[in-house]
Amino acid sequence: MTQDSGELDSLVRKRIRALRVAQGWSLEELATRAKVSQSTLSRIENGQRRLALDQLVTLARALDTSLDQLVETAADDVITSPVIDGSHGLMRWPIKAEPGMTVVRQRMTNPPPDNPSRMRAHQGREWLVVLSGTAILLLGNRRLRIETNQAAEFPTMLPHAIGAEGGPCEILGIFDRDARRGHQRTDDVLDNGRPCP
């Protein structure tokens, strides 16, 4: 990469400095960690020295980031519209930074299922926050009450189900790849008193 590569060059230099400052490190501290001279690091940050690939790799490691993240450009599609699943009352947003992760928003009206056989277990991890109302999370043998603005995080290998208590509730859930796959297999029961969002 050379200085005349324009915007990306400038962006990478700003990121190096911003990451260093965010860690609370002086030029000397980062230079020591990256095994480069302090003057070299200063010239890299100030645009007075060419950005060499080997130095970028070393700096990325020293800053505890990846080369990809250091040189990543801003995507044009910063704003994402949801995919709406009207049949299940869901809105879904894929998370680009973590392929396979999904954010789901759902309004629930019925309580969780009475029958433990309707609880599901599958690989993965889920996180949810109650946006309004009160939700009941059945998790293994536990019955947990989650109020507005409270969150829950749990491994989905535990049998689980969720529903509303005392009226409608709205939840926002984040699923890793495995949890999302587990729910795609059970989408046929994804309505009220369902296994989970």
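Just so it is clear, the model here is predicted, and its values are computed rather than measured. (Residues numbered from 1 in each chain as written. Predicted model: local features only at pLDDT ≥ 70, side-chain atom pairs only at ≥ 80, totals over all residues. Heavy atoms only, no water.)

**Re the confidence of the model for the chain**
Mean pLDDT over the chain works out to 80, with 80% of the residues at or above the 70 mark. Long-range and interchain partners of residues 186-195, a stretch whose pLDDT sits below 50, account for 36 contacts in this model, where long-range means more than four residues apart. (pLDDT = per-residue confidence, 0-100. Contact = heavy atoms within 4.5 Å.)

**Focus: the environment of glycine 89**
Looking at the element boundaries, glycine 89 is found in the loop between strand 1 (83-85) and strand 2 (90-94). The sequence separation of glycine 89 and glutamine 106 amounts to 17 residues, and the corresponding C-alpha distance is 6.2 Å. (Helix = DSSP H or I, 4+ residues; strand = E, 2+ residues; numbered from the N terminus.)

**Some details on the pattern of salt bridges**
Enumeration over the complete set of coordinates arrives at 6 salt bridges. Between aspartate 9 and arginine 13 there is a salt bridge, with its nearest N and O atoms 2.7 Å apart. Placement of both aspartate 9 and arginine 13 in helix 1 (residues 7-23) is noted, with a separation of 4 residues, approximately one turn of the helix. You'll find aspartate 9 and arginine 13 in the same group, each marked buried. Residues participating in the shared-partner salt-bridge network are Arg145, Glu147 and Glu165. (Salt bridge = Lys/Arg side-chain N within 4 Å of Asp/Glu carboxyl O. Buried < 20%, exposed > 50% of the residue type's maximum accessible area, 1.4 Å probe, protein only.)

**Remarks on the sheet that holds strand 8 (residues 160-164)**
Read from one edge to the other, the open sheet built from 3 strands follows the order 6-5-8, with strand pairing classed as antiparallel. Each having just a single partner strand, strand 6 (142-146) and strand 8 make up the two edges of the open sheet. Neighbour-to-neighbour, the strand axes of this sheet turn through a mean angle of 20°, independent of strand direction. Bridge count for strand 5 (residues 135-139) against strand 6 is 5 bridges, and the pairing is antiparallel. Within strand 6, the residue paired with leucine 138 across the bridge is arginine 143. (Pairing = 2+ DSSP bridges. Axes fitted to C-alpha atoms, helices over the stretch in contact; angles between N-to-C directions.)

**Describing unusual backbone geometry**
Positive phi is not limited to glycine here, since aspartate 64 has a value of about 60°. Mapping aspartate 64 onto the fold places it in the loop between helix 4 (53-62) and helix 5 (67-71). At asparagine 149, a position not held by glycine, the phi torsion is positive, near 75°. Along the chain, asparagine 149 turns up in the loop between strand 6 and strand 7 (151-155). Under the relative-accessibility criterion, asparagine 149 is labelled exposed at 65%.

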